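Below are the chains, spelled out letter by letter.
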Amino acid sequence: MVPRAQLPPEIQLAQRLAGNEQVTRDRAVKRLRKYIVARTQLAAGGFTHDELLKVWKGLFYCMWMQDKPLLQEELGRTISQLIHAFQTTEAQHLFLQTFWQTMNREWTGIDRLRLDKFYMLMRMVLNESLKALKTQGWEERQIEQLLELLTTEILHPDSQAPSGVKSHFLEIFLEELSKVGAAELTAEQNLKFIEPFCTIAARTPDSLVLHNITRGIFEAIVEQAPFAIEDLMNELDAQEEDEDGKSEDGDLEWDVPSKESGSLRGAAPNRHEEPPGDGEDSVGPVLQFDYEAMASRLFAVASQQGTPSQNRKRLYKVIRKLQDLAEGLFPEDDVPEKAYRKLQEDGQERRTKKRLLKSRSQNQPGKGGKEDSRPDPSSGSERRIRRRPRRRRGPGPEPTGPQEQPRGPGGRGARKKRRQLRAGARVKVAGCQEPQSKQRPPQRRK
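Our subject in this report is the structure included herewith. Every value quoted in this text rests on a predicted model; they were computed, and no experiment measured them.

A few words now on the packing of helix α5 (residues 89–106) against helix α7 (residues 140–155). Running from N to C, α5 and α7 cross one another at 20°; their axes reach a closest spacing of 10 Å. When the interaxial angle is binned, α5 and α7 end up roughly parallel. Handedness of the crossing formed by α5 with α7: right-handed. Across the interface between the two elements, Thr89, His93, Leu96, Gln97, Trp100, Gln101 and Asn104 from α5 touch Gln142, Gln145, Leu146, Leu149, Leu150, Glu153 and Ile154 from α7.

Attention now goes to the nonpolar core. Within the largest apolar cluster, 86 residues are counted, with the highest numbers of intra-cluster contacts made by Phe169, Phe173, Phe193 and Phe218. When neighbours within four sequence positions are excluded, phenylalanine 218 is seen to be in contact with Ile194, Phe197, Cys198, Ala201, Ile213, Met294, Leu298, Leu315 and Val318.

Moving on, we get to unusual backbone geometry. Of note in this structure, tryptophan 138 is not a glycine but carries a positive phi near 55°. Tracing the backbone shows tryptophan 138 in the loop between α6 (115–135) and α7. For tryptophan 138, a relative accessible area of 7% corresponds to the buried category.

In this structure, threonine 214 sits in helix α10 (residues 207–223). In this structure, threonine 214 is in contact with Glu219, Arg314 and Val318, ignoring residues within four places of it in sequence.

The geometry of an aromatic ring pair is captured by two quantities: the separation of the ring centres and the angle between the planes. Overall, the coordinates contain 18 aromatic pairs when judged by the stated rule. What links up through ring pairs into an aromatic cluster is the set Tyr35, Phe47, Trp56, Phe86, Phe95, Phe99, Trp100, Phe169, Phe173 and Phe197. Here arginine 39 stacks its cationic end above the ring of phenylalanine 47, 4.5 Å away from the centre of that ring.

Along the chain, valine 125 falls in helix α6. Using a relative accessible area of 4% as the deciding quantity, one classes valine 125 as buried. In this structure, the C-alpha to C-alpha distance between valine 125 and leucine 96, residues 29 residues apart in sequence, is 8.0 Å. Those residues in contact with valine 125, other than ones at most four positions away along the chain, are Ser80, Leu96 and Phe99.

Calculation rules
Residues numbered from 1 in each chain as written. Predicted model: local features only at pLDDT ≥ 70, side-chain atom pairs only at ≥ 80, totals over all residues. Heavy atoms only, no water. Axes fitted to C-alpha atoms, helices over the stretch in contact; angles between N-to-C directions. Helix = DSSP H or I, 4+ residues; strand = E, 2+ residues; numbered from the N terminus. Parallel < 35°, antiparallel > 145°, perpendicular 65-115°, else oblique. Left-handed = near helix turned anticlockwise from the far one by under 90°. Contact = heavy atoms within 4.5 Å. Core = buried A, V, L, I, M, F, W, Y, C linked by side-chain atoms within 4.5 Å. Buried < 20%, exposed > 50% of the residue type's maximum accessible area, 1.4 Å probe, protein only. Phe/Tyr/Trp six-rings, centres within 6.5 Å; stacked < 30°, edge-to-face > 60°. Lys NZ or Arg CZ within 6 Å of the ring centre and 35° of its normal.

Note that all results are geometric; they support no functional claim without further evidence.
Now the structure itself:
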């Protein structure tokens, strides 16, 4: 047996990371971070593929041994942030590649009780990898390298990724990308992040992968379209308020250049700093997309000769929805009024007006000569507020409505009921004028 002192540092750290005592594992994680920083700073330093596989095996079982939920989250965050300890982009990508290879290899051995914490670890590692791109200024070359890595290790038909890893990755990718880059990424950059999914969706023979990409990526974008445009309208309103405030002061008007109005192709900055909405309408940060360009990209890959018929049929449905979004037709009825008004001003087609104006004909300001005193239809409570005044009017003028109905189904029973009510009314009136009249009903019963 080789003595411990002669073992490579990676194997020693892996053994300590998988130790039985928590104190030993915590110390090994801290020591690993220092070791990564020191080694990657050397000119001839860096890790090999096999060395990082050994490191990740130790980290995998370090997470395996942690049973307390709060400590699991803390440990997962610490492990995922190790990517920032690498000083070069190549070392970071190698670290991520060995992580996904480790998850693919060990996935079938994870029992049901430990599955959630590894789901969480995958989400955290993906989040930190996107943050690494953010710190590098979202360089196009770095984005392409990361997407190529993720596609090769997870989504490619030749990859060794189990179905559970693929499904979870497709479920969390768009959400984590929104958390990290919604405030900075433009529609053109977002389309670049989506291109690998377009290609895989058109070529994959796996129906489960096709379904997960369509549902987790494309249809999620379609469902978030009203919120994305609402965020864009809020950005435009904020810019207009800033310009109005600065134009009031003549000194600032000449010093501050006017901002260009935003478009659907740009990102809404500082969207994550806005206060959250109320109720079910509150959503997290939303990415901006050029729906026409996205539909064109999907059609280009779906219309190729080698695309399977089931893939083409499924993607054509998504393309129709994206084309409707590009023309102003939304999948939801509660489209924000500001976004709808903006799209009308931009010269949308007549069928856009027909579908949206049917549900908003009574709420459009200036069309019926009425003032816009109704609530914002984007709140989703328009119909409830309309019905409330009707309920309040009901009890007032119609208390005797059920008694005055002439005849209907069950007429005899209705007449008997009216007679009893009228008789009772006479007894009460008589009782107020003549106290002795209260004894008449018992005499009739006898």
